[in-house]
Amino acid sequence: MHKIYSQLLHNGTRFLNNGGTIIYANNGTIIDVLAGQQLADAQIVDGLLCPGFINAHCHLELSYLQDVIPQKTGLVEFINHINTKRNLFTEEFIHEKIITAEQQMIDNGIVAVGDISNTNYTIAQKQKRNLQYHTFVEVAGVLDSIAANRFADAQQLLQQFAALHNSSIVPHAPYSVSKQLMQHVNNTSTNFPISMHNQECQAEDDLIRNGVGEFIPFLENITKQQFKAIAHNKSSLDYTLPQLHNKQSVLLVHNTFTQKADVINAKKNIAFAIANGNHQQLFWVTCPKANLYIEGKLPEIYNCLAIENQTICIGTDSLASNNCLSVYHEILCMQQQYAVFSTEELLQFATSNGAAALQMPHLGQISKGFTPGILHICNWVLKEEMPIQPIIKRVI
Ligand SMILES: [Zn+2]
């Protein structure tokens, strides 16, 4: 049994008044938390104690593309770069980069990851169980004619990851998944978390609302045929979210171009689902540093999400669109760019909200019975002042 005390203690939802003592077992289980109390035999530390961080959106398999893709090209160019450059590297190099990227997450205080996989490249590393994962096996395919085949391929990949930990098949994005493929995902994801890249660029809404824009030549290039786009007269999110109605938690990732009306409508959609006995939950995953890397802009809806009392979690995206995999640096970026959220809220996004999104109920909170991992950020002294160069140590 161990006891550690700091005057600055965030338990995953809030700062405790005058800190407190955490009592925990050798295996990391929290035995008790004594708010405001400094036990005589506790180890006393300066700095912040908080639960391990949850990275709700990553692509570990893309770690080999660090420093390869130019910044601020916009999403369509970014995807083109990924598609042309992904075959230029050896499997050995790809695996090496996965190992170092995972170690970077561990060093940065991350304990669990919602990881997108299109391949089985990360299997060998995930087998080591250095971190806890929920693998999101991603499907894409804009033609209904290939939906069954694409889904069957994803199911095969899913079996490999599901042997290790909870995993689910998820749609890549509204612009890249046909209605039939979305139906397959919906039918098989009951009670699982699923994630979807949402409104990461303006072209997505142009395509779905008006059937025009930058995605038309992109999709024609991929499908090698003329692409008949349908104008749905709805935003991408208004069109897509009602297609997922099977008791899933839905993690909407990026939301860089999401509008206030989308948030209001999404909220109504979920309220309607719940009223009909469909226990759906919605999580807004933000990856601000990747948004700055790809689009050169941050989501405009942070304010609205706060007002509408929506649940926000944090993702790092991949090293293809970020210089590091650190949940801390994502919330630091949010604090530097926006005054919307307090550090108390940002730490909640980075811990308990992410654990709820990934359905990992033992993580994210320093509370009795949890095994969240305890972080000690030694040079975080005042609540509202996040150190620019944090020293993050793992207590356990
Ligand atoms: Zn992503």
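In this text the structure is predicted, and so the values were computed from the model without any measurement.

Asks: Help me out: how do you make sense of the nonpolar core in this one?
Replies: Nonpolar side chains in soluble globular proteins tend to be buried together. Ile 54, Ala 112, Val 285, Cys 313, Ile 331 and Ala 350 are the most contacted members of the largest nonpolar core, which has 106 residues in total. When we break this core down by domain, the ones giving at least three residues each are domain 1 (1–51 + 365–396) and domain 2 (53–363). Residues within four places of Ala 112 in sequence aside, it is in contact with Ile 54, Leu 131, Gln 132, Ala 355, Leu 358, Met 360 and Leu 363.

Asks: Hey, could you run me through the sheet that holds strand E4 (residues 30–35) in this one?
Replies: The pairing of strands in a sheet happens through backbone hydrogen bonds and is either parallel or antiparallel. The strand order across the open sheet formed by four strands is E4-E3-E1-E5, and the pairing between neighbours is mixed. This sheet does not close on itself; its edge strands, each paired only once, are E4 and strand E5 (43–44). Pairing geometry for strand E1 (residues 2–6) and strand E3 (residues 20–24), over five bridges, is antiparallel. From the neighbouring strand, Ser 6 faces E3, where its bridge partner is Gly 20.

Asks: Which parts of the structure should I look at to understand the sheet that holds strand E14 (residues 312–314)?
Replies: Overall, parallel pairing links the four strands, which are arranged E11-E12-E13-E14 in an open sheet. The sheet is open, and its two edges are formed by strand E11 (193–198) and E14, each paired on a single side. Averaged over neighbouring strand pairs, the angle between their axes works out to 30 degrees when direction is ignored. Here E11 pairs with strand E12 (residues 249–254) via six bridges, running parallel. Looking at the pairing, His 197 lines up with Val 253 of E12.

Asks: Would you explain the domain arrangement of the protein in this entry?
Replies: Quite often, the size of an interface is put as the accessible area lost when its parts meet. If you check the domain split of the protein, you get domain 1 (1–51 + 365–396) and domain 2 (53–363). The interface of domain 1 with domain 2 comprises 19 residues on the first partner and 14 residues on the second. Put simply, the parts of the chain that give the side of domain 1 that touches domain 2 at least two residues each are strand E6 (48–51) and strand E16 (392–394).

Asks: What is the right way to read unusual backbone geometry from this model?
Replies: Negative phi characterises most residues that are not glycine, and trans characterises most peptide bonds. The backbone of Asn 191 sits at a positive phi, close to 70 degrees, despite the residue not being glycine. Secondary-structure assignment places Asn 191 in the loop between helix H5 (179–188) and E11.

Criteria and cut-off values
- Residues numbered from 1 in each chain as written.
- Predicted model: local features only at pLDDT ≥ 70, side-chain atom pairs only at ≥ 80, totals over all residues.
- Core = buried A, V, L, I, M, F, W, Y, C linked by C-beta atoms within 7 Å.
- Buried ≥ 20, exposed ≤ 12 C-beta atoms within 10 Å, placed from the backbone.
- Domains from an automatic or database assignment.
- Contact = placed C-beta atoms within 7 Å.
- Pairing = 2+ DSSP bridges.
- Helix = DSSP H or I, 4+ residues; strand = E, 2+ residues; numbered from the N terminus.
- Axes fitted to C-alpha atoms, helices over the stretch in contact; angles between N-to-C directions.

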